[in-house]
Each structure stands twice: as C-alpha cells, then as structure tokens.
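# A closer look at the structure
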Amino acid sequence: MRITTYRTELNEEQHNVLVKENSCNYPVSSLSNPQSVMEMLNAVFRFNKQAEEYVYMIALNTKCKPLGVFEISHGTINQSICNPREIFIKALLCGATGIILAHNHPSGDTTPSKDDLKTYQRVKEAGKIIGVELFDNLVIGNGYFSFMESGM
C-alpha cells in the first residue's frame, strides 16, 4: 500500500488545493482496524515518539484504503487544536468516504481528555451532516485508545 501525505495550499483564486508532500510504500493492504492504524502511524511517522501533540487524519475510500494522510495540527506537550472545518476540507478534496483521526499523547497515557471527547463528538456530527463518516478516533501513546473499540 502507498502512504501519501498531503497538505493544502491556496491557488491563484484563493481556493484550497491538495499538494503532495511525500509518499512511501507500507507493507499492508488496508487499514481496517485500530491496531493496524497505530502500527502504520508509529512506523511511518514515529507517532509514539513525538515530543508534542500531533493530530493526523487518514482519508479513506470505501475499501479502507488510504487516499491520503494529513497533519491537521501540531500542538504543545499537552494540547493540540483541531477544527472540523480543516479536517473536512481535506477529506472532501481527496474524495474520502470516511476518515480516521489520530493524535498522540506524549505522556504515554492514552486516556482521552474532556477536550478529546468534545472534539470527537463535534467531528462525528459534522461528518454525518456532510456524508464523510468518522470511522475512529485514536489516542496513541504507550499503546492506543480507540473510540470505536470502546463503543463510543
């Protein structure tokens, strides 16, 4: 599978466009469960080794194959700002039918914070409205916490 990272830029008309940043091969065929997502993020982006919080979004097609990976936010030691608008602009530009959000906790504790829970609900509701499903939201540290696996 090819893992491609993108960012968005404004073109001459001030419209968001996708810009390819990097691409690499990764030895799995899909990202169909939280464990496989965590393993990919740790292997390709060293997600569990980051000193500050990062929020990433994986845009997926209907077969759970990644269309692109986006850095949504780079925060501080214990917080990162995440807005549904920026998430879904990127998801819609690449034609995603679903997304997975993931962020790291540098402390290693994967327990979601109150802000993590609020953000998850906001993004999930926004996705329902526009037709791009939030498949899961992962907190990665020493292991992972999956909102999907926990029944949220």
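Quick caveat, the model's predicted, so the values are computed rather than measured.

## Side note on helix α3 (residues 114-130)
- The end-to-end C-alpha distance of α3, which contains 17 residues, comes to 25 Å, matching closely the 24 Å that a straight helix rising 1.5 Å per residue would cover.
- Turning to α3, its buried residues number three or more, namely D116, Y120, V123, A126 and G127. Projected onto a plane normal to the axis of α3, the buried residues spread over an arc of 140° and lie on a single side. Exposed side chains of α3 directed beyond 90 degrees from the buried face belong to K114, K118, K128 and I129.
- Against α2 (84-93), β5 (98-104) and β6 (133-141) lie the buried residues of α3.
- Looking one or two places after α3, you find G131, whose phi comes out positive at around 85°.

## Quick word on the nonpolar core
- With 21 residues, the main nonpolar core has M57, I87, F88 and I99 as its most contacted residues.
- Looking at this core, the elements with two or more residues in it are β3 (54-60), β4 (66-74), α2, β5, α3 and β6.
- Filtering out sequence-adjacent residues up to four positions away, I87 remains in contact with M57, I72, C82, I99, L101 and V123.
- Among the nonpolar cores identified, the runner-up in size contains 18 residues, and F47, I58, V69 and I100 belong to it.

## A closer look at the packing of aromatic side chains
- Going through the model one piece at a time under the given rule, you end up with six aromatic pairs.
- Plain terms: the ring middles of Y120 and F147 are 4.4 Å apart, the flat faces sit at 35° to each other, and that makes the pair tilted. Highlighted residues: Y120 in helix α3 and F147 in the segment after β7 (143-146), separated in sequence by 27 residues. For the pair shown, Y120 and F147 are each scored as buried.
- Joined through ring pairs, the aromatic side chains of F45, F47, Y54 and Y56 make up one cluster.

## Points about the sheet that holds strand β1 (residues 2-10)
- As summarised here, the arrangement of the seven strands in space is β2-β1-β4-β3-β5-β6-β7, forming an open sheet in which the pairing is mixed. Each of the sheet's edge strands pairs with one partner strand only, and the pair in question is β2 (16-25) and β7. Geometrically, the sheet is characterised by an average inter-axis angle of 25° between neighbouring strands, direction not taken into account.
- Here β1 pairs with β4 via two bridges, running parallel. If you follow T5 over to β4, its bridge partner there is V69.

## Looking at the pattern of salt bridges
- Counting across every chain of the model gives four salt bridges.
- A salt bridge links E21 to R7; its shortest N-O distance comes to 3.8 Å. Note that E21 is positioned in strand β2 and R7 in strand β1, a separation of 14 residues in sequence.
- Between E86 and R85 there is a salt bridge whose closest N-O contact spans 3.1 Å.
- Its relative accessible area of 29% is what places E86 among the partly exposed residues.

Definitions and limits used
Residues numbered from 1 in each chain as written. Predicted model: local features only at pLDDT ≥ 70, side-chain atom pairs only at ≥ 80, totals over all residues. Heavy atoms only, no water. Helix = DSSP H or I, 4+ residues; strand = E, 2+ residues; numbered from the N terminus. Expected span 1.5 Å × (residues − 1). Buried < 20%, exposed > 50% of the residue type's maximum accessible area, 1.4 Å probe, protein only. Arc of directions from axis to C-beta. Contact = heavy atoms within 4.5 Å. Core = buried A, V, L, I, M, F, W, Y, C linked by side-chain atoms within 4.5 Å. Phe/Tyr/Trp six-rings, centres within 6.5 Å; stacked < 30°, edge-to-face > 60°. Pairing = 2+ DSSP bridges. Axes fitted to C-alpha atoms, helices over the stretch in contact; angles between N-to-C directions. Salt bridge = Lys/Arg side-chain N within 4 Å of Asp/Glu carboxyl O.

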